[in-house]
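Read off the chains here:
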Amino acid sequence: MLTFPEFIDYAGTFVFAISGIRLAAAAKVDLFGSFVIGIVTAVGGGTIRDLLLNATPFWMQDPKFFITIFIALIFVVIFRNRLVRLENTFFIFDTIGLGMFTLVGIEKTILYGHPYWVAMFLGMITGIAGGITRDILINEIPLIFRKEIYAGACIIGGALFALFDYFPLTRNWADVACVASVIIVRTIAIKYQLGLPIIQPDSDYEGDS
Amino acid sequence: MLTFPEFIDYAGTFVFAISGIRLAAAAKVDLFGSFVIGIVTAVGGGTIRDLLLNATPFWMQDPKFFITIFIALIFVVIFRNRLVRLENTFFIFDTIGLGMFTLVGIEKTILYGHPYWVAMFLGMITGIAGGITRDILINEIPLIFRKEIYAGACIIGGALFALFDYFPLTRNWADVACVASVIIVRTIAIKYQLGLPIIQPDSDYEGDS
Amino acid sequence: MLTFPEFIDYAGTFVFAISGIRLAAAAKVDLFGSFVIGIVTAVGGGTIRDLLLNATPFWMQDPKFFITIFIALIFVVIFRNRLVRLENTFFIFDTIGLGMFTLVGIEKTILYGHPYWVAMFLGMITGIAGGITRDILINEIPLIFRKEIYAGACIIGGALFALFDYFPLTRNWADVACVASVIIVRTIAIKYQLGLPIIQPDSDYEGDS
């Protein structure tokens, strides 16, 4: 039997993989290339985190992640005409996955002996770097840098984790606070189309370095 | 004297470097930048593999790889007007190089104690990640995701390696089976313009995550 | 009190971060995304170097780098309309930073037991890879591959370091020779718009691998 965190971890892998496979297919990438992009989307963030932590990448120690991504590939092929109707379901899993991936990244970083601020940053990387790599591979400007509070939700989740984890009385709630805040911030941002401000660029600045 | 595998390894490095240098030059990258892109193309895949294996990157322990790439740079400068006529020769080396790089990646991964399925994936990364990084640096959609069975050939080679290596009677043929199958699959795919199917995207799907 | 090398290290981090934040803002990336791109620009090169050296990334062990980048973000927000007038000041810091980052990369690589030629290459990566990653994230062709002798200045600095460091009589001057040569080469290249030649591409070569 899967524990609940394991279920969410694989569910997060599944929906991240689906987002990669669908965007790859939309960019006319072939079936196997789509599978590779699905893998990168789902495990890329955790892989970069593990390299920074000098840990063996998690997916090299558990074939269930690749199996999950393979099932996602078959799922996309079979249900490709019905996926649009499932957008809301995907959004829910994607958001839960973002929160869970952030938490997994934070906890692993702390386990490796780093302070909260490093954990917050690596938690964010765990959540967003797979999607950024996917966008780079299909040559789009990473949407993550243009959207309603995505990376920022991970940092808010990390900050609440640190706050709750720091005080003994609230320590047991740190995990829940982290995941819940990511989900809530992200959902509110999407619902009300909230975004962070953009620094108004100097009109004549072209960039020179 | 070079052994045959060493000869093929440096020959693979040479042709991968030439492909990087030529594409960089075509994108108006200067001479030194082209050298850097040649390096990335030739050693990028093996470097990512070594980072994932937590090994010191192979080229940091043997200057002959950089020397080979420098010779490739001089070769492109001298023969730039005659390279087109050599396309077929390059294709042969490029394909042999792909097969050899895949095999090198598989064997190193197994040496580090990982199972076949990890070795197949890291063998593929060894073969293709340098070319993908090259395409990202010169801001093209990685061709590898659009072409006749490229990454797929590495996986087929890896699967045959695993099959032959698993049974004692055929173990000695695993290397040959791997390299030969990559070369054969790739040659047939190019000759008959075979590609893997593309998942027909939903017409109204724009991608949102 | 900061030592002079520490001052230059943080000053280099500051100006590299500013270049990332400004380019991100010009590409309509939001405030937090700009902060992330500022981080990547400032610490990306050293991070790739540390991964290749199998060392813990330097910024995970010293929060002052992130604090410096956060100050850079505030600086850009407050002074965004006056930054253009400071171009020359930025250029000076950017160039000093390039020289210092190159030197830091060379010295760390040698400390880890690698020969000069590896140190020269990792010194260059320390200096340029952050800017390249920044350009990839905002989907531009990395300017570094098109500009007046940028990566080349790092290699010249590295070569002079090796030369001065090799002979006992000049060893004490190796650091100065490295940083000074990067600054001088880069300044002359900008002032006289010097660039390295481009390999004239074959007109009908399209690239096929």
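Residues numbered from 1 in each chain as written. Chains lettered and ligands numbered in written order. Predicted model: local features only at pLDDT ≥ 70, side-chain atom pairs only at ≥ 80, totals over all residues. Heavy atoms only, no water.

1. Topic: the overall build of chain A
Looking only at helices and strands, chain A has 7 helices and 0 strands in total. Overall, chain A shows an N-to-C arrangement of helices and strands of α-α-α-α-α-α-α. Counting the 209 residues in chain A, one finds 58% classified as buried. Considering only contacts within chain A whose residues lie at least 6 apart along the sequence, 71% involve residues at least 24 apart. In the structure as shown, chain A presents an accessible area of about 9100 Å², 67% of it carried by carbon and sulfur atoms. (Helix = DSSP H or I, 4+ residues; strand = E, 2+ residues; numbered from the N terminus. Buried < 20%, exposed > 50% of the residue type's maximum accessible area, 1.4 Å probe, protein only. Contact = heavy atoms within 4.5 Å. Areas by Shrake-Rupley, 256 points an atom, 1.4 Å probe, with all protein chains shown as cover.)

2. A short note on the packing of aromatic side chains
How two aromatic rings sit relative to each other is set out by the distance from centre to centre and by the angle between their planes. Counted by the stated rule, this structure contains 36 aromatic pairs over all chains. Plain terms: the ring middles of Phe35(A) and Phe70(A) are 5.7 Å apart, the flat faces sit at 80° to each other, and that makes the pair edge-to-face. In this pair, Phe35(A) is assigned in helix α2 (residues 31–52) and Phe70(A) in helix α3 (residues 64–79), connecting sequence segments 35 residues apart. Where Phe58(A) meets Phe65(A), the ring centres are 4.9 Å apart and the plane angle is 90°; that geometry is what we call edge-to-face. Under the relative-accessibility criterion, Phe58(A) is labelled buried at 16%. An aromatic cluster of three or more residues is present, and its members are Trp59(A), Phe66(A), Trp117(B) and Phe121(B). (Phe/Tyr/Trp six-rings, centres within 6.5 Å; stacked < 30°, edge-to-face > 60°.)

3. Some remarks on the relation of the copies chain B and chain C
The two copies are related by a screw motion: chain B maps onto chain C through a turn of 120° and a shift of 0.0 Å along the axis, at an RMSD of 0.0 Å. The operation mapping one copy onto its partner corresponds to a three-fold rotation axis. A distinct binding surface is used by each copy, with only 11% of the interface residues of chain B retained as interface residues in chain C. (Least-squares fit on C-alpha atoms with pLDDT ≥ 70 in both.)

4. Side note on unusual backbone geometry
You will see that Lys28(A), though not glycine, has its phi angle at about 65°, which is positive. Tracing the sequence through the fold places Lys28(A) in the loop between α1 (4–26) and α2. With a phi close to 60°, Asn54(B) is a non-glycine residue in the positive phi region. When you line up the elements, Asn54(B) lands in the loop between α2 (31–52) and α3 (64–79). Judged by relative accessible area, which is 38%, Asn54(B) ranks as partly exposed.

5. Notes on the interface of chain A and chain C
At the junction of the two partners, chain A supplies 35 residues and chain C supplies 43 residues. In total, chain A and chain C occlude about 3400 Å² of area from one another, counting both sides; carbon and sulfur atoms represent 67% of this. Inspection of the chain A/chain C interface yields 0 salt bridges. Our count for the contact surface shared by chain A and chain C stands at 1 residue pair in polar contact (both at pLDDT 80 or more). Within the residue set of the side of chain A that touches chain C, elements represented by two or more residues are α2, α5 (116–137) and α6 (151–166) of chain A. With 7 residues, the single largest contributor to the side of chain A that touches chain C is α5(A). Among the residues forming the side of chain A that touches chain C, the class breakdown is 21 nonpolar, 7 polar and 7 charged. (Buried area = accessible area lost by both parts, 1.4 Å probe. Salt bridge = Lys/Arg side-chain N within 4 Å of Asp/Glu carboxyl O. Polar contact = N/O pair within 3.5 Å; in protein donor to acceptor, adjacent residues only side chain to side chain. Nonpolar A, V, L, I, M, F, W, Y, C, P; charged D, E, K, R; others polar.)

6. Some remarks on the confidence of the model for chain A
Residues and elements named next belong to chain A. On average, residues of chain A score 86 in pLDDT, and 90% of them reach the 70 mark or higher. Note on residues 204–209: pLDDT under 50 across the span, and 14 contacts to partners over four residues away in sequence or across chains. For this predicted complex, the interface score ipTM comes out at 0.88, while the overall pTM is 0.89. (pLDDT = per-residue confidence, 0-100.)

7. Thoughts on the UniProt feature "domain: Glycine transporter" (unreviewed entry) in chain A
Taken from the UniProt record, the annotation "domain: Glycine transporter" (unreviewed entry) applies to residues 7–80 and 92–165 of chain A. What you have in residues 7–80 of chain A is 78% helix and 0% strand, and the ends, taken at the C-alpha atoms, are 24 Å apart. (UniProt positions renumbered as here; feature names shortened; annotations may be inferred.)

8. Details of the interface of chain B and chain C
Reports of interface size often rely on the accessible area that becomes lost once the parts have come together. Across the boundary between the two partners, chain B contributes 44 residues, which contact 35 residues of chain C. Approximately 3300 Å² of surface area, both sides summed, lies buried where chain B meets chain C, with 67% of it carried by carbon and sulfur atoms. The tally of links from chain B across to chain C stands at 0 salt bridges. Our enumeration of links across chain B and chain C arrives at 1 residue pair in polar contact (both at pLDDT 80 or more). Here the side of chain B that touches chain C takes 9 residues from α2(B), the largest share from any one element.

9. Describing the pattern of salt bridges
Counted by the stated rule, this structure contains 15 salt bridges over all chains. Across the salt bridge formed by Lys108(A) and Asp50(A), the nearest N and O atoms sit 3.1 Å from each other. Here Lys108(A), found in helix α4 (residues 87–111), pairs with Asp50(A), found in helix α2; they are 58 residues apart in sequence, far enough to count as distant. Each member of the pair Lys108(A) and Asp50(A) is classed as buried. In this structure, the salt-bridge partner of Asp50(B) is Arg49(B), at a minimum N-O distance of 3.0 Å.

10. A look at α3(B)
All names here are of chain B. With 16 residues, α3 should reach 22 Å at 1.5 Å per residue; the first-to-last C-alpha distance of 22 Å fits that figure. Listed as buried for α3 are Phe 65, Phe 66, Thr 68, Ile 69, Ala 72, Leu 73 and Val 76. Taken down its axis, α3 places every buried residue within 155° of arc, on the same side. (Expected span 1.5 Å × (residues − 1). Arc of directions from axis to C-beta.)

11. Overview of the nonpolar core
Ranked by size, the top nonpolar core spans 171 residues in total, and within it Trp59(A), Trp59(B) and Trp59(C) carry the most contacts. If near-sequence neighbours (up to four positions away) are discounted, Trp59(A) is found in contact with Val43(A), Thr47(A), Phe65(A), Phe66(A), Leu52(B), Trp117(B), Phe121(B) and Leu122(B). (Core = buried A, V, L, I, M, F, W, Y, C linked by side-chain atoms within 4.5 Å.)

12. Structural notes on the packing of helix α4 (residues 87–111) of chain C against helix α7 (residues 174–191) of chain C
Residues and elements named next belong to chain C. Contact pair α4 / α7: the axes reach a minimum separation of 9 Å and the direction vectors enclose 140°. As judged from the angle between their axes, α4 and α7 are oblique. Viewed along their axes, α4 and α7 form a crossing whose handedness is right-handed. Where α4 abuts α7, its residues Phe 91, Thr 95, Ile 96, Leu 98, Gly 99, Met 100, Thr 102, Leu 103, Ile 106 and Glu 107 lie against Asp 175, Cys 178, Val 179, Val 182, Ile 183, Arg 186, Thr 187 and Ile 190. (Axes fitted to C-alpha atoms, helices over the stretch in contact; angles between N-to-C directions. Parallel < 35°, antiparallel > 145°, perpendicular 65-115°, else oblique. Left-handed = near helix turned anticlockwise from the far one by under 90°.)

13. A look at the state of the cysteines
Scanning the entire structure with this criterion turns up 0 disulfides over all chains. Distance from the sulfur of Cys178(A), which forms no disulfide, to the nearest cysteine sulfur (Cys154(A)) is 8.4 Å. (Disulfide = S-S within 2.5 Å.)

14. A word on the environment of Ala11(C)
Inspection of the secondary structure assignment puts Ala11(C) in helix α1 (residues 4–26). Separated by 55 residues in sequence, Ala11(C) and Phe66(C) have C-alpha atoms that sit 13 Å apart.

15. Regarding the packing of helix α4 (residues 87–111) of chain B against helix α5 (residues 116–137) of chain B
Residues and elements named next belong to chain B. Packing of α4 against α5 leaves a shortest axis separation of 7 Å and a crossing angle of 140°. Classed by the angle they form, the pair α4 and α5 counts as oblique. The element α4 and its partner α5 pack so that their crossing is right-handed. Contacts between α4 and α5 involve Leu 98, Phe 101, Thr 102, Gly 105, Ile 106, Thr 109 and Ile 110 on the former and, on the latter, Tyr 116, Val 118, Ala 119, Leu 122, Gly 123, Thr 126, Gly 127 and Ile 128. Of the residues contributing to the contact of α4 with α5, the split by class is 9 nonpolar, 6 polar and no charged.

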